[in-house]
Amino acid sequence: MDQEEKTIFIGYDPREAVAYHTCANSIIRHASKPVAIIPLALNLFSDYTETHTDGSNHFIYTRFLVPWLMNFQGHAIFIDGDMILKADIAELWNMRSSVCDVQVVKHNYQTRMNEKYLG
């Protein structure tokens with residue numbers, strides 16, 4: 001892929017398909033450069049079987065396949081499917097560092113719900 005094109009993996013859970021599409025739309029709507037959006041959906045990985053039952057969503061562990069999916073080359077962004085971007089993804093893309101193998105955007109969000117996600 002062209003280095004100008006940002007590769008973005010979005011976690012996809014079929015129980016929350018609307019959230020995935022809303023996230024992708026928010027990325028495209030605010031993007032100033034081309035983006036490649038790739039869903040991380042379990043059904044797309046015939047070689048991978050999720051054996052963990054402790055996760056709240058379908059992509060809890062497949063997110064760790066991103067380096068392999070990128071052939072261990074270049075950069076990519078992983079985003080949970082229930083996020084909405086309010087600004088250009090290029091702003092986040094420009095913060096990446098070639099020195100770091102992984103970078104994380106921390107947040108201090110505290111849910112007000114008694115149950116997280118789908119229970």
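All residue numbers here refer to positions counted from 1 along the written sequence of the relevant chain. The predicted nature of this model means local features are confined to residues of pLDDT at least 70 and side-chain atom pairs, given and counted, to a pLDDT of 80 or more, with totals for whole chains, interfaces and linings taken over all residues. Based on all heavy atoms of the structure, the side-chain values leave hydrogens and waters out of the count.

**Q** Explain unusual backbone geometry here, please?
**A** Here the phi dihedral of N71 falls at roughly 55°; this positive angle occurs in a residue that is not glycine. Per the convention used, a helix needs a DSSP run of H or I reaching at least four residues, while a strand needs a run of E reaching at least two, with both numbered from the N terminus. Relative to the helices and strands, N71 resides in the loop between α2 (66–69) and β3 (77–79). Residue classification places N71 among the exposed residues on the basis of a relative accessible area of 58%. Even without a glycine there, the phi angle at F72 is positive, about 55°. By secondary structure assignment, the location of F72 is in the loop between α2 and β3. Think of it in three bands: residues with accessible area under 20% of the maximum for their type are buried, residues over 50% are exposed, and the middle band is partly exposed, with areas taken using a 1.4 Å probe on protein chains only.

**Q** When you look at the side chain of D88 in this model, what are you seeing that I'm missing?
**A** Locating D88 in the fold gives a position in the loop between β3 and α3 (89–93). By the counting scheme adopted, Arg and Lys are positive, Glu and Asp are negative, and His together with the chain ends is not counted. What makes a salt bridge here is a side-chain nitrogen of Lys or Arg within 4 Å of a carboxyl oxygen of Asp or Glu, nothing more. For the buried D88, no salt bridge exists, and the shortest N-O distance to an oppositely charged side chain is 7.3 Å, to K6. In protein, a polar contact requires one atom able to donate a hydrogen and another able to accept it; more generally it is a pair of N or O atoms within 3.5 Å, and residues adjacent in sequence count only if both atoms are side-chain atoms. Engagement of the side chain of D88 in a polar contact is seen with the backbone nitrogen of A90, the distance being 2.9 Å. When checking whether two residues touch, look at their non-hydrogen atoms; a contact exists if any pair is within 4.5 Å. Ignoring anything within four residues of it in the chain, the contact list for D88 reads H30, A31 and S32.

**Q** Would you mind showing me how to read a nonpolar patch on the surface here?
**A** In this analysis, a patch consists of residues with relative accessible area above 30% that form no salt bridge, clustered at 9 Å for like charges and at 5 Å for the nonpolar side chains Val, Leu, Ile, Met, Phe, Trp and Tyr. Areas reported here follow the Shrake-Rupley algorithm with a probe of radius 1.4 Å; residue values treat only the protein chains shown as occluding. Side chains of L92, M95 and V105 sit close together on the surface and give an oily, nonpolar patch of about 300 Å² of accessible area. Structurally, the position occupied by V105 is in the segment after α3.

**Q** How should I be thinking about the confidence of the model for the chain in this particular structure?
**A** Any residue range with low pLDDT should be treated as having predicted coordinates unsuitable for detailed reading. Every residue gets a pLDDT, meaning the predictor's confidence in that residue, from 0 to 100. Mean pLDDT over the chain: 84, with 87% of residues reaching 70 or higher. Mean pLDDT across the elements of the chain ranges from a minimum in α2, with 90, to a maximum in helix α1 (residues 17–30), with 96.

**Q** Where do I start with the environment of I79 in this structure?
**A** Position of I79 among the secondary structure elements: in strand β3. Apart from residues lying up to four places away in sequence, I79 is in contact with I8, F9, I10, G11, C23, I27, L85 and I89.

**Q** I keep staring at the packing of aromatic side chains and nothing clicks. Help me out?
**A** Where two aromatic rings form a pair, the distance of their centres and the angle of their planes describe that pair. Only the six-membered ring of Trp is used, alongside the rings of Phe and Tyr, when aromatic pairs are assigned; centres must lie within 6.5 Å, and planes under 30 degrees apart are stacked while those over 60 apart are edge-to-face, with the rest tilted. Within this structure, the stated rule accounts for one aromatic pair. A centroid spacing of 5.3 Å and a plane angle of 85° characterise the contact between Y12 and Y20, whose relative ring orientation is edge-to-face. For the pair shown, Y12 and Y20 are each scored as buried.

**Q** Even after reading the chapter, I still don't get the pairing of strand β2 (residues 35–40), so can you show me in this structure?
**A** Regular strands show a simple pattern: their side chains alternate between the two faces of the sheet. Think of it this way: DSSP has to see at least two bridges between two strands before they count as a pair. In terms of strand pairing, strand β1 (residues 6–11) meets β2 through six bridges, oriented parallel. What sits directly across from I10, in β2, is P39. After leaving β1, the chain enters α1 and then returns to the sheet as β2, a path that is right-handed. We call a crossover right-handed when, viewed with both strands directed away from the observer, the connection leading from the first strand over the helix to the second proceeds clockwise.

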